[in-house]
Each structure stands twice: as structure tokens, then as C-alpha cells.
Amino acid sequence: MPRFISTAIPYVNAQPHLGHALEYVQADAYARALRQAGEDVFFLTGTDDNALKNVLAAEKVGKGIAEYVAENAEHFVDLDRKLDVGYDDFIRTSSDPRHRPGVEKLWKATKSEDLYKKNYHGYYCVGCEEFKTEKDLVNSECPEHPGRALEEVAEENYFFRLSAYQDQLQRLVESDMLRIVPESRKNETIAFIKGGLEDFSVSRSALRAKGWGVPVPGDPDQYLYVWYDALANYITALDYANEGEKYQIYWAAADAVKVHMIGKGINRFHTLYWPAMLLSAGVPLPSTVFVHGYITSGGQKMSKTLGNVVDPASLIERYGSEAVRYFLLRHGSSTEDFDITDEKCREWYTAHLTNGLGNLVARVMKLAEEHLPHPIALTEADEVFDSAFLERIEAFRFNDALDFVFEKVGAADARMAEQKPYALIKSGDAVEREAARKEIEALVHELAAIATHLTPAMPRTAAAILSAVRKNEKPENLFPRL
Ligand SMILES: [Zn+2]
């Protein structure tokens, strides 16, 4: 069945951080696993260019906004490239010709009674691109952006009647018609619904938007803001504007499975605002919203002040992209906050990758090269996912999926230690030598199965192992000592 997978689209007012890397790698591993299992996957990522904070950041450095967002979007493309994130499409909301007509169509398709103008007075967090109500604030500050002053805004805006969708959204979420993973995020959404849904602002004055973004169709004094603009990327990229082929296959079709992968800070927008907007416009809903946690360092939120920021680019430089993918996918849990420090990366690299996987591959393939007359013939069992593994992937339990792989590594190590084929192949009698050869063959099959299951998480490593198996050769050192 067709599978649509998306990441959130980040603002481009700063360099990508490790949280972006986590989301891209999770989405990529998920997409790769499903492709490998034979599914028809469309994996979308991109950048949110039209946000007001991009405009402000461009002003600050004295650049034109279009030039600024184009330059900064490259940092995200570059991170994807470095991490081997194999997306099918990358949408930039300011320059992609598919975007604006799609946004306009979504706006026009929205039930007229769900959009209304009202005078609004409120406090706006530019960091979140959102108006805040009293109950959102902690010590009169945005909890996501402490220390940053809220902007007092009084103007006439369009509002979306979210309140009209309260009961429908509750039913959708409770029944898993709109599935939210993990359960704790589902419960958070339900609690939020039960607290009462308030209509939200969906436009801002052209003046405040500084003329950047998409004007409200038929009312150019107002510009669409974040929700109708950014969230719409998920369907505009599929050519919703023309209800084109990709939109039909990956979004509108009854059997299409649509998964948004996001961070916990934007749960509400994806599990309440977005589905309500789609309901109003008569557009099919996403199937699943998967919510990951944040990465901390030394138990604390990363911040420049604390000096504990772990930068994805420097991590890749130090350990290589495959190891970084491994750290991000195997650490902690895929849905809760978890900690990354350089110390821990170093320890894991040496223990799991150099001494674990890398050493096993080198030892087994050296034996195979020396003692097997020709490469083993790969069988279906070597190349097909175990159902237990695929179940973990479908449940977004990437760390458990890697446990599956590394349990195999451990088992092969143990088998080697018990059977000692390396000794018997030299000193045994004819029967023992033949048994040792069989044992080496079995171990090479194990390597193939390990590589098969490792491909979604560590595609280059897996390809190197499979190539070694096919050639019956010891590969280059996979994880050189640090
Ligand atoms: Zn904020």
C-alpha cells in the first residue's frame, strides 16, 4: 500500500541542531525499512521559509529575506546529505511553485463558517509563531522560549473555528482513526481537547508579515500565517493544487497510509489544528502522528549558555554518519527525551561498533575468505526481514529494532567462541574441518541477516557487509579505532 512519510519543516533562522538530525534519521530509517519490505513509499521533508522569525533573522543580518532563506535552507539539505537521508522530495515553502496554489486551494476549500475575522489582542511568541493564552505561559513567559519577550499584538485577524471540531477530534483520537504514537502523547492530546478547544488565529496583517508569505485569497491586507502555510506543505508537495497523481496515490487514496513524524513541541498543531483544517476543507486526514522527544546533553536541555550543545556536523566529522545514525536511533527510547554526550558516543562507538559489529564482520569474513572456496549463496532467510523486526519498525521502536540486530551480533560472537571454527579449521581432523567449514558458512549467513536488518538504520555499513559476503572477502575496516 502507498505510504506517505513526512518530517516537520523547520524554520531556517538558525543552523540545524541534533533534534533535526534525530527526526531526519528516524524518518529515513522508517522509510528505508518500509521500502525494503516492498512498500511504495513517498518520503517528504523541507523547510518552512515563510515564518516571521525568518524575516526577523534576515533583517538582523541585513540580508534580503529570499536570499536569506535560500542560503539557510541549504544547511538543512546539507545535513540530510551528510546523514544519507534519502527523501523523495524536499519542499521549500517560499520558492516551490506547487506550494502557494495549494495553500490557496486549501483556504478556499475551507467551510466559510469556519473562517471569521475578529479583533484580536494577545501576546505572540515569535519563537513558536503562536499567540499565547494565560494558561500556556509559565511565569508570564513561553515555556519553550524562556527569557524571550512576548510581542503584544492588537489587530484584526482571521480565525479558524477549532471549537466546532472538539467532539469530532476527540472521537478521532480516542478511536485511533487518527493514531498518535506514543500513548502518552495521545493522552496529552485528549486532555487538551477536554480542556476546551479555542479558535486560533490563521492570518496576520500584511504589515506585520512584512509582505512575506502567502496573502489571504481575496483579502491581500492579510497574510496567511504558519498553520495554513506551513502545515499545508504536506499536501501541496503532492500537488494538492491540481489534485495530481501523487496527491491521489499518497494522500487521497483510501489505502494510503500517511505518517507525520514530529517533535513533541508541535504535537497539538499536528493532532488538532491540522486535522480540523483538513476536516473543514473535506481533505482526507493523516493516519498517524509519531511524536519523538528531545535530545538533552548531560541531563539538561542543550543551550549555548550551558556550553553543552552537541552539534550534528561535528559529531558526524568525529564518528562518521553511520555511527551518528546509530547513536540517534539506538539511544534511549524513540519517543522520550534522551541524553547524548560526546563521552557516551565515544564509549558506544568503541564497544558496539568497533569491538562489536566491526570485529565480528572482520573475523568471520577473514575465515570465509581463507577457507570457503566461493561465496555462499544468499537465501531468502538472509534477505527478508524477520516479522519481529518489522513489527518494531511499524511501532516506531527504532531502538528495539536495533536491539534485534545487535542481539544477533552478540549471538554470533557467542557462537564463534563456543564452536571455535578458527581453531578447528586448522588443527581438526577431516570431519572436524568439514564441520568448521559449515560453521563458517552459517556465520556468513548470519552476517547477511545482520546486514539485511541493519540496512534501514546504517545503510552504508550494511551495504559494505553484504558486498563482502557476496565477494567472499574481508571488507575494509568498518569502524576504525578512535
Ligand atoms: Zn515560544
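Scroll up to find the structure.
This text gives an overview of the structure that appears in the document. (Residues numbered from 1 in each chain as written. Predicted model: local features only at pLDDT ≥ 70, side-chain atom pairs only at ≥ 80, totals over all residues. Heavy atoms only, no water.)

What follows deals with the overall build of the protein. Scanning the protein from terminus to terminus reveals 20 helices and 16 strands. In terms of C-alpha radius of gyration, the protein reaches 25 Å, essentially the compact-globule figure of 23 Å for 482 residues. Each principal axis of the C-alpha distribution contributes one length, and for the protein these read about 90 × 50 × 40 Å. Contacts spanning at least 24 positions in sequence make up 77% of the contacts within the protein whose residues lie at least 6 apart. A total accessible area of about 20,100 Å² is found for the protein, and carbon and sulfur atoms account for 49% of it. In the protein, 55 side chains carry a positive charge and 73 a negative one; their mean positions are 2 Å apart. (Helix = DSSP H or I, 4+ residues; strand = E, 2+ residues; numbered from the N terminus. Rg over C-alpha atoms; globule rule 2.2 N^0.38 Å. Contact = heavy atoms within 4.5 Å. Areas by Shrake-Rupley, 256 points an atom, 1.4 Å probe, with all protein chains shown as cover. Lys, Arg positive; Asp, Glu negative; His and termini not counted. Charge placed at Lys NZ, Arg CZ, Asp CG, Glu CD.)

The next thing to look at is the layout of surface pockets. Computed from the structure, the second largest pocket encloses a volume of approximately 280 Å³. Lining the second largest pocket are 20 residues, and of these Thr133, Glu198, Asp199, Phe200 and Tyr273 sit closest to its centre. The set of elements that each furnish at least two residues to the lining of the second largest pocket consists of strand 4 (115-125), strand 5 (130-132), strand 8 (200-201) and helix 11 (267-281). Of the residues belonging to the lining of the second largest pocket, the class tally is 10 nonpolar, 3 polar and 7 charged. (1 Å grid on protein atoms, 1.4 Å probe; cavity = no way out; pocket = protein on both sides within 12 Å on 5 of 7 lines; lining within 4 Å. Points joined across faces, edges and corners; volume = space filled by probe spheres on them. Nonpolar A, V, L, I, M, F, W, Y, C, P; charged D, E, K, R; others polar.)

Among the nonpolar cores identified, the biggest contains 155 residues, and Leu106, Phe160 and Trp251 are the most heavily contacted of them. The two domains that each donate at least three residues to this core are domain 1 (2-293) and domain 2 (342-471). Excluding residues within four positions of it along the chain, Phe160 makes contact with Thr110, Asp114, Leu115, Tyr165, Asp199, Phe200, Val202, Tyr228, Ala276, Met277 and Ser280. (Core = buried A, V, L, I, M, F, W, Y, C linked by side-chain atoms within 4.5 Å. Buried < 20%, exposed > 50% of the residue type's maximum accessible area, 1.4 Å probe, protein only. Domains from an automatic or database assignment.)

Only Cys125 (SG), Cys128 (SG), Cys142 (SG) and His145 (ND1) from the protein reach the zinc ion as donors, at distances of 2.2 to 2.3 Å. Every donor residue of the zinc ion comes from the same chain, spaced as C-x2-C-x13-C-x2-H. Here Cys128 is found in the loop between strand 4 and strand 5, whereas its partner His145 is found in the loop between strand 5 and strand 6 (151-160), with 17 residues between them in sequence. Accessibility assignment for this pair places Cys128 and His145 in one class, buried. (Donors = N, O, S within 2.8 Å, 3.2 Å for Na, K, Ca; no water.)

On the basis of which strands lie adjacent, the open sheet formed by 4 strands has the order 5-4-6-8 and antiparallel pairing. Of all strands in the sheet, those bounded by a partner on one side alone are strand 5 and strand 8. Summarising the sheet, strand 4 and strand 5 pair through 3 bridges and their orientation is antiparallel. Within the sheet, the bridge partner assigned to Tyr124 lies in strand 5 and is Phe131. (Pairing = 2+ DSSP bridges.)

A word on empty space enclosed by the protein. Any empty space left between atoms is shown by rolling a water-sized probe over those atoms. Taken as a whole, this structure holds 2 cavities of 30 Å³ or more when the rule is applied. By volume, the largest cavity amounts to about 60 Å³. Ala29, Leu329, Phe389, Ile393, Phe398, Ala401, Leu402, Val405, His453, Pro456 and Ala457 together form the lining of the largest cavity. At the level of secondary structure, the elements contributing two or more residues to the lining of the largest cavity comprise helix 16 (387-394) and helix 17 (398-419). Looking at the lining of the largest cavity element by element, the count peaks at 4 residues for helix 17. Classifying every residue of the lining of the largest cavity by side-chain character gives 10 nonpolar, 1 polar and no charged. Volume-wise, the second largest cavity comes out at about 40 Å³. Every residue lining the second largest cavity is listed: Asp48, Asn50, Ala51, Arg204, Leu224, Tyr225, Val226 and Asp229. Of the residues in the lining of the second largest cavity, the class split is 4 nonpolar, 1 polar and 3 charged.

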